[in-house]
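# Observations on the model geometry
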Amino acid sequence: MNPAIDAPTIEYGTLAPLLVVFGAAIIGVLVEAFAPRYLRKSVHVPLTLLSLAGAFALVLVQVLRGQVPTAPSAMGAVAVDGPSLFIWGVILVLSFVCVLLINDEGHFVASAAAVPGSADEEEAEAADSGSGHTEVYPLVLFAVGGMLLFPAAHDLLMMFVALEVMSLPLYLLCGLARRRRLLSQEASMKYFLLGAFSSAFFLYGTAMIYGYAGTVSLPGINQALSAGSGLEPLLMIGFALLGVGLLFKIGAAPFQAWKPDVYQGAPTPITALMASGTLIAAVGAVLRVFWVGLGNLDWNWRPVIWVVAALTMIVGSVLAITQTEIKRMLAYSSIAHAGFLLVGVMATFGTAQQNAVSLKAILFYLAVYGFTTVGAFAIVTLVRDPGGEAGHLSRWAGLGKRAPLLAGTFAFFLLAFAGIPLTSGFFGKYAVFAAALDSGTQAGDPIGGWMAGLVVVGVIASAVAAFFYVRVIVLMFFSEPAADGPAIAVPSMGTVAVIAVSLLVTVGVGLYPESVLGIANDAARSLFIR
Amino acid sequence: MSPWLPILMAVPVVGAIVVALLPKGSDKLAKQVTLLVSLAVLVLTGVMAAGFDPKGDRFQFTAAYDWIPSFGVKFGVGVDGVALVLIALSAVLVPIVVLASWHDADGVRTADGTLITPKRSVKTYFSLLLVLETMMIGVFAATDIFLFYVFFEAMLIPMYFMIGSYGGAQRSYAAVKFLLYSLFGGLLMLVAVIGLYFVAGKSTFMFPQLVGAIQDPTTQKWLFGGFFIAFAIKAPLWPVHTWLPDAAAQAPAGAAVLLVGVLDKVGTFGMLRFCLELFPDAAKAFTMPIVVLAVISIIYGAIVAIGQTDMKRLIAYTSISHFGFIVLGVFAMSSTASSGAALYMVNHGFATGALFLAAGFLIARRGSPFIGDYGGVQSVAPVLAGFFLVAGLAGLSLPGLSSFVSEFMVMIGTYQSEAHGSGALTAAAVISALAVILAAVYILWMVQRTINGPTAEPVKAFKDLNAREIWVLAPLVALIIGFGFFPKPLLDVINPSVHQTLTNVKVPVSTIAEKGTGQ
């Protein structure tokens with residue numbers, strides 16, 4: 001007689017935001033299967049938006065009731081703690097905003113499988129009458145669900161599942177751009193192949209660490225680390241492989257090569273979603289793995305992350321200078337920002353209070369960077385040539401004269417990326433640099449002095465980065481417009497709302513950062529569940 | 001808690017928003033509103049300054065509000081004597097610049113009708129100007145070092161757009177160079193600011209609490225370096241000066257006045273207040289290298305100025321020479337020299353402002369900044385020529401004009417300084433005195449080639465100054481002559497705060513600064 005298997009306890013209330021998003025995604029699939037074509041979009045849009053808003057409301061309810069759990073949920077598989085809830089809230093708002101962009105019009109191809117330029121494609125276009133692929137909506141919901149689960153996963157297997165749930169829909173979505181099909185398909189293919197590789201690395205690393213610790217649960221690994229065992233090589237290999245998988249997702253050097261190609265080829269609203277949501281989720285996961293799982297190994301991984309962070313900042317900002325395509329430039333800028341975030345990840349030496357300071361800094365940075373990024377990509381969707389978006393930078397010349405409001409807003413976003421005071425970006429950068437120097441001054445840190453060095457590298461990278469942001473401003477405002485310049489699409493209500501929200505956050509936080517800092521502070525105070 | 005400074009900072013920015021929101025086609029109204037707002041700021045500054053008690057507390061009109069408690073940042077403002085006179089300088093210059101720039105964005109035509117700059121957005125120009133005024137007041141008023149940094153960096157942006165959108169042919173190159181140089185220096189300072197916060201461990205950025213907080217000499221040196229490089233780029237000091245001639249030559253004349261007259265003063269002001277008082281040991285340790293750089297700037301700027309063919313570049317190089325004097329005075333470690341340096345910051349603003357504006361009026365008539373394109377202006381536009389001459393003479397520090405007093409104080413103070421043995425600084429003073437001769441060469445030669453001599457053909461079409469242009473130059477010339485004969489009101493305000501600074505650096509305060517006011 002087998003012993004009875006206990007039913008697992010699931011904290012439905014705590015996990016409700018996740019369940020709502022995944023539930024809506026599954027309903028979306030059913031809609032796609034059973035609803036008539038002409039109805040689909042009008043069902044999908046409210047369903048997607050409502051589920052995201054509902055999930056956000058559920059997050060708010062948990063926060064406002066002050067019942068942030070202190071123990072992991074779902075039998076130790078998911079940790080819904082302060083940082084998780086903060087990241088969830090930010091991802092949900094940003095993906096809501098991105099869905100407004102996705103919903104805009106004509107970004108997506110009618111039939112992804114058709115050969116570009118073939119009769120099949122024309123036929124599909126004709127049949128589709130402009131409504132595009134409606135399966136975009138459930139795919140986005142699955143990706144968002146994955147993004148929510150990824151930073152909250154409390155064991156490595158759950159994290160792997162989340163990684164795949166997040167990534168697979170994104171691979172598909174990247175290939176759906178309506179214009180410049182080949183570029184889009186190339187992006188999709190590259191992202192898929194490289195992403196699959198990195199997932200394999202992650203999984204292999206998980207296996208190695210399981211071999212060392214005998215568990216995949218993050219706190220379990222940490223305990224095994226402090227206990228020690230004779231299997232250090234396994235641990236080292238596992239930690240390295242795990243690191244490759246995670247750093248790939250945030251696009252840290254030397255695993256950054258996919259970012260420019262994918263950001264350029266993907267439909268811009270999807271790029272916005274990846275540049276904000278995926279980055280936030282991945283940084284959250286990096287934090288959780290390194291702080292919770294490998295917290296006792298910090299003498300080993302901090303020097304490695306030091307090098308990666310420095311390299312990422314330098315590679316991102318230097319290579320961005322040579323870019324001539326606006327989306328590629330923003331991709332390199334995103335790489336540089338991933339480097340700045342890693343500076344914050346480094347800043348973990350010292351007391352729990354000190355850790356809360358750097359965690360707060362990173363959470364704040366993620367939130368404000370996400371909004372600025374989405375706003376910037378939303379503006380990119382509006383500047384169009386007959387063949388699609390006007391990607392080449394030379395096409396942006398003189399935009400300040402043709403569309404002063406649009407160009408002014410974009411310039412403001414660029415200044416925020418560059419970290420000029422009185423924008424949100426400045427305070428984000430300040431927060432991580434300050435956290436890094438703070439941790440560097442903690443007594444007994446063997447690499448404390450190196451933290452100041454990393455901050456100096458960061459500062460120099462910021463100065464270099466400022467150059468290419470400013471170059472775009474020069475083009476827009478100080479150059480004469482080309483005679484056959486790009487058309488400025490009349491923005492839909494959704495796009496206007498996206499840009500307005502992003503601008504509001506960038507300006508508002510720039511003038512009064514305490515608004516978001518306070519929330520980040522509350523979220524970070526409890527640290528991750530260990 | 002005094003509301004004066006926050007009000008002073010709020011008025012221009014509110015004005016800027018109003019100007020920006022005016023309906024299309026109300027260019028004239030935009031100019032009038034800007035002028036009115038800047039005059040209101042001037043009046044408010046005057047009333048506030050009248051209430052300043054030189055014998056009272058060091059920082060007056062203080063106010064501090066919580067801004068970012070998570071970072072320990074306060075919106076802390078307050079002025080000492082030096083800050084007050086620099087705020088007053090800004091408040092005087094802005095309305096003058098508004099008047100001077102009246103037609104700059106309209107599309108400038110030369111006397112013979114050729115368009116030299118196309119029509120650009122008037123509202124944007126004047127609202128940028130007002131935003132800049134808020135930031136100029138804020139940067140001098142900030143007693144919270146973080147707030148100072150925020151204004152220090154943020155004020156680059158309006159100036160960047162003023163140069164880049166409204167400047168001459170090379171404007172975008174000049175604007176980018178200006179921005180990147182300043183930004184780079186600023187970022188180094190940011191690291192030092194953060195470092196100061198953590199090393200001091202006082203959980204505040206308020207300047208009065210941080211004075212004397214850093215004791216370790218090595219730490220002092222590193223942090224001093226971060227601040228000093230930023231200020232040296234801003235001031236600018238040789239060898240990081242190369243952005244200034246480009247920026248000043250390409251900027252519209254009004255913006256160039258604010259750039260050289262006020263923005264660059266933030267550098268020397270920062271050296272005097274932050275580098276000396278926060279890191280006294282480091283400041284003393286680095287005195288000699290900095291004095292050497294200052295002397296090089298003085299001589300180098302003067303010599304290169306002689307060789308310039310472009311009037312605005314020439315004036316920019318003279319400013320590099322003058323900034324060398326100011327830096328020399330700040331680091332001479334004697335109260336006469338330091339008071340002289342602080343006074344020089346104000347006087348240089350008036351003198352160089354007048355020179356830039358007079359040159360700007362010449363350029364607007366001829367459409368060329370090159371000295372060789374002029375000649376004999378005196379015979380067709382005597383009033384313009386006269387103002388140009390007086391402004392030029394102020395630039396070469398003629399006795400009786402305001403810059404003489406300050407230059408003399410810097411040199412005599414440096415000469416007498418006991419720091420580093422009496423010899424080293426005496427030598428510096430002697431070498432820098434050569435610049436007085438060089439100044440005569442660069443100014444008088446320029447004056448000779450432009451306003452004297454046979455009248456060049458295109459110059460014959462010149463009209464003399466109109467009423468607006470006289471209103472621009474007359475107040476400046478009046479101030480130059482007034483403070484040349486009677487600098488006491490300025491010195492009375494400046495001296496106590498300079499003495500306070502030097503006391504914090506532990507330099508004995510006993511010199512002719514008090515006696516010297518009788519000039």
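Source: prediction; values computed, not measured.

Within chain B, the regular secondary structure consists of 23 helices and four strands. The globule rule puts the C-alpha radius of gyration for 519 residues at 24 Å, and the 22 Å found for chain B is close to it. Its C-alpha atoms put chain B at 65 × 55 × 40 Å along the principal axes. When burial is assessed residue by residue, chain B has 62% of its 519 residues classed as buried. By sequence separation, contacts in chain B at least 24 residues apart represent 80% of the contacts at least 6 residues apart.

The subject of this paragraph is the overall build of chain A. Within chain A, the regular secondary structure consists of 20 helices and three strands. Considering only C-alpha atoms, chain A reaches an extent of 70 × 60 × 45 Å along its principal axes. Relative to its 530 residues, chain A shows a buried fraction of 59%. Considering only residue pairs separated by 6 or more positions, chain A has 80% of its internal contacts joining residues 24 or more positions apart.

With that settled, the discussion passes to the nonpolar core. Buried together is how nonpolar side chains tend to be arranged in soluble globular proteins. In terms of nonpolar packing, the biggest core is built from 424 residues, with Ala354 and Ala358 of chain B touching the most fellow members. Once residues within four sequence positions are removed from consideration, Ala358 of chain B is found in contact with Leu384, Phe387, Phe388, Ala391 and Leu473 of chain B.

Right, let's get into the confidence of the model for chain B. Residues and elements named next belong to chain B. Of all residues in chain B, 95% have pLDDT values of 70 or greater, and the mean over the chain is 85. The spread of mean pLDDT over the elements of chain B runs between helix α23 (residues 512-515), the lowest at 46, and helix α5 (residues 145-154), the highest at 92. A low-confidence stretch, residues 511-519 stays under pLDDT 50, and its non-local contacts, those more than four residues away or across chains, total 17 contacts. Across the interfaces of the predicted complex, the ipTM metric reaches 0.85, alongside a pTM of 0.89.

As summarised here, the arrangement of the three strands in space is β2-β1-β3 (chain A), forming an open sheet in which the pairing is antiparallel. Two strands in the sheet have a free side with no partner beyond their single neighbour: β2 (388-389) and β3 (487-488) of chain A.

For the rest of this paragraph, the subject is the packing of helix α11 (residues 268-293) of chain A against helix α14 (residues 352-380) of chain A. All names here are of chain A. For the pair α11 and α14, interaxial distance at closest approach is 8 Å and the crossing angle is 170°. The pairing of α11 with α14 is recorded here as roughly antiparallel in orientation. For the pair α11 and α14, contact is made by Thr268, Thr271, Ala272, Ala275, Ser276, Ile280, Val283 and Leu287 and by Ile362, Leu366, Gly370, Thr373, Val374, Phe377, Ala378 and Val380, respectively. The class makeup of the residues in the contact of α11 with α14 is eleven nonpolar, five polar and no charged.

Taken together, the contacts link 25 residues of chain A with 26 residues of chain B. Of all the secondary structure elements, the ones that give two or more residues to the side of chain A that touches chain B are α17 (424-440), α18 (448-478) and α20 (514-525) of chain A. The element that contributes the greatest number of residues to the side of chain A that touches chain B is α18 of chain A, accounting for eleven residues. Among the residues making up the side of chain A that touches chain B, the classes are represented as 19 nonpolar, four polar and two charged.

Residues and elements named next belong to chain A. With their axes 8 Å apart at the nearest point, helix α1 (residues 12-34) and helix α5 (residues 136-152) run at an angle of 160° to one another. Here α1 lies roughly antiparallel to α5, going by the angle between them. Viewed along their axes, α1 and α5 form a crossing whose handedness is left-handed. Along the contact surface, α1 presents Pro17, Leu18, Val21, Phe22, Ala24, Ala25, Gly28, Val29 and Glu32, while α5 presents Tyr137, Pro138, Leu141, Phe142, Val144, Gly145, Leu148 and Leu149. The residue inventory of the contact of α1 with α5, partitioned by class, reads 14 nonpolar, two polar and one charged.

Relative to the helices and strands, Val390 of chain B resides in helix α18 (residues 382-395). Distance in space between the C-alpha atoms of Val390 of chain B and Ile480 of chain B is 9.1 Å, their sequence separation being 90 residues.

Now for unusual backbone geometry. A cis amide bond, omega 5°, links Ala253 of chain A with the succeeding residue Pro254 of chain A. Along the chain, the position of Pro254 of chain A falls in the loop between α9 (232-250) and α10 (258-265). For the bond from Ala235 of chain B to Pro236 of chain B, the omega torsion is -15°, close enough to zero to count as cis. In this fold, Pro236 of chain B is placed in the loop between α9 (217-234) and α10 (243-250). One non-glycine residue, Leu422 of chain A, lies in positive phi territory at about 70°. In this structure, Leu422 of chain A sits in the loop between α16 (404-418) and α17. Even without being a glycine, Met333 of chain B presents a positive backbone phi close to 60°. Along the chain, Met333 of chain B falls in the loop between α15 (311-331) and α16 (335-366). Since 25 C-beta atoms lie within 10 Å of it, Met333 of chain B is described here as buried.

For the rest of this paragraph, the subject is the environment of Leu15 of chain A. All names here are of chain A. When you line up the elements, Leu15 lands in helix α1. In this structure, the C-alpha to C-alpha distance between Leu15 and Ala79, residues 64 residues apart in sequence, is 9.4 Å. Excluding anything up to four places from it in sequence, Leu15 contacts Ile10, Ser73, Ala74, Val78 and Val80.

On to the environment of Phe59 of chain B, then. All names here are of chain B. Looking at the element boundaries, Phe59 is found in the loop between α2 (27-50) and β1 (60-68). Judged by C-beta crowding, with 18 C-beta atoms within 10 Å, Phe59 ranks as partly exposed. Ignoring sequence-local partners within four residues, the contact set of Phe59 consists of Gly78, Val79, Asp80, Thr143 and Pro208.

A few words on the pairing of strand β2 (residues 73-79) of chain B. Residue and element names in this part refer to chain B. Buried residues dominate β2, accounting for six of its seven residues. Bridge count between β1 and β2: six bridges; the pairing is antiparallel. Residue pairing across strands places Gln60 opposite Val79, the latter belonging to β2. Joining the antiparallel neighbours β1 and β2 is a turn of four residues, in which Gly72 adopts a positive phi near 75°.

Right, let's talk about the confidence of the model for chain A for a bit. Across chain A, the average pLDDT comes to 85, with 93% of residues at or above 70. Taken element by element, the predicted model of chain A shows its lowest mean pLDDT in helix α4 (residues 119-128) of chain A (65) and its highest in α5 of chain A (93).

What counts, and at which threshold
- The residue numbering used here restarts from 1 in each chain and proceeds along that chain's sequence as written.
- For naming, the first written chain is A and the first written ligand is 1, with later ones following in the order written.
- Predicted model: local features are reported for residues with pLDDT of at least 70 only, side-chain atom pairs are reported and counted for 80 or more only, and whole-chain, interface and lining totals are derived from all residues.
- The way it works is that DSSP assigns letters per residue, a run of H or I at least four long becomes a helix, a run of E at least two long becomes a strand, and they are numbered from the N terminus.
- Throughout, radius of gyration means the C-alpha value; the globule benchmark is 2.2 Å times the number of residues raised to the power 0.38.
- Put simply, a residue is buried when 20 or more other C-beta atoms lie within 10 Å of its own C-beta and exposed when 12 or fewer do; between those, it is partly exposed, and each C-beta is set from the backbone.
- Two residues form a contact once the distance between their C-beta atoms, set from the backbone, is within 7 Å.
- What we call a nonpolar core is a set of buried Ala, Val, Leu, Ile, Met, Phe, Trp, Tyr and Cys residues whose membership is set by joining through C-beta atoms within 7 Å.
- By definition, pLDDT measures how confident the predictor is in each residue, and it falls between 0 and 100.
- In short, DSSP must find at least two bridges between two strands for them to pair.
- The axes are straight lines fitted to the C-alpha atoms, using for helices just the contacting stretch, and the angles between their N-to-C directions are given from 0 to 180°.
- With respect to orientation, any angle under 35 degrees is reported as roughly parallel, any angle over 145 as roughly antiparallel, any angle of 65 to 115 as roughly perpendicular, and every other angle as oblique.
- Ten residue types, Ala, Val, Leu, Ile, Met, Phe, Trp, Tyr, Cys and Pro, are classed as nonpolar, four, Asp, Glu, Lys and Arg, as charged, and the remainder, Gly among them, as polar.
- Handedness of each helix crossing follows the sense of rotation of the near helix against the far helix: counterclockwise by less than a right angle gives left-handed, clockwise gives right-handed.

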